[in-house]
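Architecture at a glance
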Amino acid sequence: MAIRKIRIIGDEILEHKSKPVKEMTPRIKTLIEDMLDTMYEAQGVGLAAPQVGILKQVVVIDVSPEGDSPVVLINPEILELKGEQTGQEGCLSVPGKAGIVTRANYAKVKALNEDMEEIIVEGEELFARALQHEIDHLSGILYVSKVEGELEDMSMEEE
């Protein structure tokens, strides 16, 4: 569909809470398609609607190496977090930077899919990290607030 402009840290929209999606509309369908296109174009593993300037509770994630297993979550809610992982994290809204963040190693999330049917998604490691990171965006939380130590510049090979 279309590549949307990714909002960068400092843009106020990234600090606001998103509103629930009440029904699937053509605009929401287009938003989801555009978010997937934008995420893949930017070589990210996740994208939340506020990152493209829309304060709606919509998240797309694809942590598969081939980038062919997208997960769409509407109105996601974390049900359970277990364990702990500490690792480097980046964000399309904080380009060229990364930081060490500790998150749960397992996440269980309830959401609606593109057909507005309730689904339960569970993930470990990178997928769990992505779930928590993207759902944080819906509350206006950027990962930089959770970084242990300083943000570091990422080299081109790491991006």
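As shown above, the structure is provided for reference.
Small disclaimer: the values here were computed from a predicted structure and weren't measured.

Below, the discussion takes up helix H1 (residues 26-41). The terminal C-alpha atoms of H1 lie 22 Å apart, and with 16 residues this matches the ideal 22 Å at 1.5 Å per residue to within 8%. Listed in full, the buried residues belonging to H1 are Ile28, Leu31, Ile32, Asp34, Met35, Leu36, Thr38 and Met39. Tucked into the core, H1 has its buried residues touching strand S1 (46-48), strand S2 (58-61) and strand S3 (71-82). Note on H1: the residue one or two positions beyond its end, Gln43, has a positive phi of about 60 degrees.

Glancing now at the nonpolar core. Core analysis: the largest hydrophobic core is formed by 15 residues, its most contacted members being Leu31, Ile32, Met35, Leu47, Val58, Val60 and Ile74. Counting residues per element, the ones that place at least two in this core are H1, S2 and S3. In terms of residues, this core owes the most to one element, H1, which gives 6 residues. The residues contacting Leu31, other than those within four sequence positions of it, are Arg4, Ala49, Val52, Ile54 and Val58. Counting residues in hydrophobic clusters, the runner-up holds 14 residues, among them Val59, Leu73, Val121 and Leu131.

The next point concerns the side chain of Thr38. With respect to the helices and strands, Thr38 occurs in helix H1. Classification of Thr38 as buried rests on a relative accessible area of 1%. One polar contact links the side chain of Thr38 to the main-chain carbonyl oxygen of Asp34, over a distance of 2.7 Å. Those residues in contact with Thr38 that sit more than four places away from it in its chain are Ala2, Ile3, Arg4, Ile6, Leu47 and Val52.

Our focus in this paragraph is the environment of Lys110. Considering the arrangement of structural elements, one finds Lys110 in strand S6 (residues 106-112). In the structure, Lys110 is positioned 67 residues away from Gln43 in sequence and 26 Å away in space, judged by C-alpha atoms. If we ignore the near neighbours within four places in the chain, the residues touching Lys110 are Asn75, Pro76, Glu77, Leu79, Glu118, Ile119 and Ile120.

Further remarks concern the side chain of Gln57. With respect to the helices and strands, the residue Gln57 is situated in the loop between S1 and S2. Within the structure, Gln57 has its side chain in polar contact with the backbone oxygen of Ser18 (distance 3.2 Å). If near-sequence neighbours (up to four positions away) are discounted, Gln57 is found in contact with Ser18, Lys19, Pro20, Val21, Leu73, Ile74, Asn75, Pro76 and Leu138.

This part is about the environment of Ser139. Examined against the element boundaries, Ser139 turns out to sit in the loop between helix H2 (125-138) and strand S8 (148-153). C-alpha separation for the pair Ser139 and Arg129, spaced 10 residues apart in sequence, amounts to 16 Å. When neighbours within four sequence positions are excluded, Ser139 is seen to be in contact with His16 and Lys17.

Considering all chains together, one arrives at 0 aromatic pairs under this definition. Lys82 extends its terminal NZ or CZ atom over the ring of Tyr106, reaching a point 5.0 Å from the ring centre.

This part takes up the sheet that holds S3. With antiparallel pairing, the 5 strands of this open sheet are ordered in space as S1-S2-S3-S6-S7. Every interior strand has two partners, whereas the edge strands, S1 and strand S7 (118-124), have only one. Averaged over all pairs of adjacent strands, the angle between strand axes in this sheet comes to 35 degrees, irrespective of strand direction. Sheet analysis places S2 next to S3, joined by 4 bridges and oriented antiparallel. Considered in S3, the bridge of Val58 is made with Ile74. Sitting on the sheet, H1 is in contact with S1, S2 and S3, with an inclination near 40 degrees to S2.

Each value, and the rule that gives it
Residues numbered from 1 in each chain as written. Predicted model: local features only at pLDDT ≥ 70, side-chain atom pairs only at ≥ 80, totals over all residues. Heavy atoms only, no water. Helix = DSSP H or I, 4+ residues; strand = E, 2+ residues; numbered from the N terminus. Expected span 1.5 Å × (residues − 1). Buried < 20%, exposed > 50% of the residue type's maximum accessible area, 1.4 Å probe, protein only. Contact = heavy atoms within 4.5 Å. Core = buried A, V, L, I, M, F, W, Y, C linked by side-chain atoms within 4.5 Å. Polar contact = N/O pair within 3.5 Å; in protein donor to acceptor, adjacent residues only side chain to side chain. Phe/Tyr/Trp six-rings, centres within 6.5 Å; stacked < 30°, edge-to-face > 60°. Lys NZ or Arg CZ within 6 Å of the ring centre and 35° of its normal. Pairing = 2+ DSSP bridges. Axes fitted to C-alpha atoms, helices over the stretch in contact; angles between N-to-C directions.

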